[in-house]
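Now for the letters of each chain:
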Amino acid sequence: NEDGSGQYVFVHDKIQEAASLLTAPGDAHVLHNWVGQTLMEYLDAKDLGVSLFVVVNLLNEGTLPTEKSKRIELAELNCRACNAAMEMAAFESVARYADI
């Protein structure tokens, strides 16, 4: 379901739960990584800013990259998310992003 902003969202938690059940337990990190990378590829800078926490959380739940440039990119994204969370006084999230 589209929420009017051009983004797709699950209309109900049960739909999200069903989608999760269709993913093999050992493959969830691969799916998270793929979705996060796909969002990174298609979102422009403005949309990435709006979806920063979603993208960073997906990438953090995914497979950690082995390529040095991708690890640096992930670290920079976590730094941006950490700073954004700090501005919102979301200190638990700050600690999570800073720990990656």
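Above this note sits the structure.
To start, this report covers the structure provided alongside it. (Residues numbered from 1 in each chain as written. Predicted model: local features only at pLDDT ≥ 70, side-chain atom pairs only at ≥ 80, totals over all residues. Heavy atoms only, no water.)

Among the nonpolar cores identified, the biggest contains 13 residues, and Met40, Val56, Leu59, Leu77 and Tyr97 are the most heavily contacted of them. No other element matches the 5 residues that helix 5 (residues 68-87) contributes to this core. (Core = buried A, V, L, I, M, F, W, Y, C linked by side-chain atoms within 4.5 Å. Buried < 20%, exposed > 50% of the residue type's maximum accessible area, 1.4 Å probe, protein only. Helix = DSSP H or I, 4+ residues; strand = E, 2+ residues; numbered from the N terminus.)

Bringing the packing of helix 4 (residues 52-61) against helix 5 into the picture now. Between helix 4 and helix 5, the least distance of the axes is 10 Å, while the angle of their chain directions is 135°. Taken as axis vectors, helix 4 and helix 5 run oblique relative to one another. Handedness of the crossing formed by helix 4 with helix 5: left-handed. Together, Leu52, Phe53, Val56, Leu59 and Asn60 of helix 4 and Leu74, Leu77, Asn78, Arg80, Ala81, Ala84 and Ala85 of helix 5 make up the contact between the two elements. Across the contact of helix 4 with helix 5, the residue classes tally to 9 nonpolar, 2 polar and 1 charged. (Axes fitted to C-alpha atoms, helices over the stretch in contact; angles between N-to-C directions. Parallel < 35°, antiparallel > 145°, perpendicular 65-115°, else oblique. Left-handed = near helix turned anticlockwise from the far one by under 90°. Contact = heavy atoms within 4.5 Å. Nonpolar A, V, L, I, M, F, W, Y, C, P; charged D, E, K, R; others polar.)

Another point: the packing of aromatic side chains. Throughout the structure, instances matching the rule amount to 1 aromatic pair. When the ring of Phe53 is compared with that of Tyr97, the centres are 5.8 Å apart and the planes differ by 25°; the resulting orientation is stacked. Of this pair, Phe53 sits in helix 4 while Tyr97 sits in helix 6 (residues 91-99); the two residues are 44 residues apart in sequence, bridging distant segments of the chain. Relative accessible area serves as the criterion here: at 25%, Phe53 is assigned to the partly exposed category. Classification of Tyr97 as buried rests on a relative accessible area of 4%. Directly above the aromatic system of Tyr97 lies the positively charged group of Arg96, at a separation of 5.1 Å from the ring centroid. (Phe/Tyr/Trp six-rings, centres within 6.5 Å; stacked < 30°, edge-to-face > 60°. Lys NZ or Arg CZ within 6 Å of the ring centre and 35° of its normal.)

In the structure shown here, the tally under the stated rule is 1 salt bridge. A salt bridge links Lys70 to Glu73; its shortest N-O distance comes to 3.7 Å. On the criterion of helical spacing, the pair formed by Lys70 and Glu73 is a turn pair, its members being 3 residues apart in helix 5. For Lys70, a relative accessible area of 32% translates into the label partly exposed. (Salt bridge = Lys/Arg side-chain N within 4 Å of Asp/Glu carboxyl O.)

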